[in-house]
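Now for the letters of each chain:
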Amino acid sequence: MDLFDQGYALDPFPAMAALRENEPVKYDENTGLWLVSRYEDVRAILLDPENFLPDNAIDAVGRFSVPTLRVLARVKFDLPQTLANNGSETHAGFRRIMTRLLNAQAVNASVPMVEKVVAQSLDEVEERLAADGVCDLATTLARDVPFQVMLRLLGLERAIDVDIDTLARWSDASLELFWGRPRRGREVELAREAADFYAWLTGLVQQPDPQDGTLLGALAAHRLPDGEPLSVAQAAAVVYFMIIAGQMTTTQMLSTMYRRALEVPGLWRQFAAEPGTVEPWTEEMLRREPPITTWRRVTGRPMTLSGVDLPEGAPLLLMLASTGSDPDVFERPEQICPHRANVRKHLSFGVGRHRCSGAELARMEADVVMRMTAARLPDLRLADDSTPEMLALLSFRAPLHVRVERG
Ligand code: HEM
């Protein structure tokens, strides 16, 4: 089993089922990680942050080469504990900043803004379809909408002096560098992009007089439990994580949803005619095909899981995508059943102390984007029914392209 393989990314379900059935806690030689695939085990781990620490959550999968380390050292690249990788007493404060900006009320209030951003992006999709006959939704609307929404919600749009293409290139490179298995030459290239990103972020978080009510304003005003302000590295790490977490995941979610919605005969037309059916379908898609397929933890002391003894310091790969297809929890998991009773019980946003702060935003974006696209372009169809090329990283999975045309 190769977690980076295109075949696995295309159809990981049989391999995940075999793991759950036969080896629910299995050491993977390729990555040096313990694969944990059953729902109950993963949930118990996420709810026990004292014994299963988040410290390795955003570590690079492999060991970097010396040239790569040199490139990163030149900009003093450092991601200290802030959000997802923070099991210390400083986590709660960082998390409060996110909750203030992304709580349900803020998300609800932003619906008109999101609708406007989607409408503008749909104008561009329509223009491309008229001009070229085909448009790739993965690299246009699904990429641009989450960026614009996230920048506006976090109040970053005015502070930013680079375009979305640059941010997307930096984010893509960072994702592949930390969660991929790039060859040596490529690894250095990716590190250069990540280093440029980081250098730019350290400048951004030091801009004078950041506005109140924005992410930068909140980071500047924040005090750690010892009364100290954030270091530049801490503030840069938060913005780095947020730009990646807030955009890439949502782009991947939308790409997967577009592809599936257009593959199933009649479903797209149904979404156009009955927009109320979109939201429960997107929830089921999050269960069955989450964009974040795995997340990491490390044991804080010797632990036993599904009968397997693990030493202290054992790095675990929690297979979130597998938990959403665990038949002990979700009956007939292969079927997308928008009305299943436990539709929201999935772990695709995590659970417990580190549960995704952007879950409600991602859900709202899925509903608005799918609903508005189907309403505006009910005759859309896939322009290419060949096997899609997949983003196949340790923790991220999505089709890289969704080319569409009008039928
Ligand atoms: C479909 C899209 C998304 C998925 C599937 C997703 C999933 C996740 C997962 C699995 C975690 C780790 C949970 C854990 O350790 O228990 C996480 C953490 C986090 N996510 Fe998301 N996420 C998505 C979108 C977003 C968005 C749009 C934002 C913000 C704009 C965001 C912000 C965060 C933050 C701040 C954390 C760290 C929370 C903490 O450690 O306290 N995410 N997300």
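Coordinates for the structure precede this section.
Turning our attention to the overall build of the protein chain. Of regular secondary structure, the protein chain possesses 16 helices and 12 strands. Whereas a compact globule of 407 residues would reach a radius of gyration of roughly 22 Å, the protein chain reaches 21 Å, a difference of no more than 12%. Dimensions of the protein chain along its principal axes, counting C-alpha atoms only, are 55 × 55 × 45 Å. Of all 407 residues assigned to the protein chain, the portion counted as buried reaches 56%. Excluding contacts between residues fewer than 6 apart, the proportion of contacts in the protein chain whose partners are at least 24 apart in sequence is 74%. Accessible area of the protein chain: about 17600 Å², with a carbon and sulfur share of 48%. The centroid of the 44 positive side-chain charges in the protein chain is displaced by 1 Å from the centroid of its 57 negative side-chain charges.

A few words on helix H16 (residues 359-376). Taking 1.5 Å per residue as the helical rise, H16 with its 18 residues ought to reach 26 Å, and the 26 Å between its terminal C-alpha atoms agrees with that figure. Extensive coverage of H16 is indicated by the burial of 14 of its 18 residues.

Further remarks concern the pattern of salt bridges. Enumeration over the complete set of coordinates arrives at 24 salt bridges. We note a salt bridge from Arg376 to Asp123, for which the minimum N-O separation is 3.1 Å. Of the two residues, Arg376 is situated in helix H16 and Asp123 in helix H7 (residues 111-132); the sequence distance between them amounts to 253 residues. Residue Arg376 is classed as partly exposed on the basis of its relative accessible area, which comes to 27%. By relative accessible area, which is 36% here, Asp123 ends up partly exposed. Ionic pairing is found between Arg186 and Glu189, a salt bridge with its closest N-O pair at 3.9 Å. Taken together, the residues span about one helical turn, with Arg186 and Glu189 both in helix H10 (residues 184-204) at a distance of three residues. Via salt bridges that share partners, Asp123, Glu126, Arg376, Asp379 and Arg406 belong to a single interconnected network.

What counts and how
- Residues numbered from 1 in each chain as written.
- Predicted model: local features only at pLDDT ≥ 70, side-chain atom pairs only at ≥ 80, totals over all residues.
- Heavy atoms only, no water.
- Helix = DSSP H or I, 4+ residues; strand = E, 2+ residues; numbered from the N terminus.
- Rg over C-alpha atoms; globule rule 2.2 N^0.38 Å.
- Buried < 20%, exposed > 50% of the residue type's maximum accessible area, 1.4 Å probe, protein only.
- Contact = heavy atoms within 4.5 Å.
- Areas by Shrake-Rupley, 256 points an atom, 1.4 Å probe, with all protein chains shown as cover.
- Lys, Arg positive; Asp, Glu negative; His and termini not counted.
- Charge placed at Lys NZ, Arg CZ, Asp CG, Glu CD.
- Expected span 1.5 Å × (residues − 1).
- Salt bridge = Lys/Arg side-chain N within 4 Å of Asp/Glu carboxyl O.

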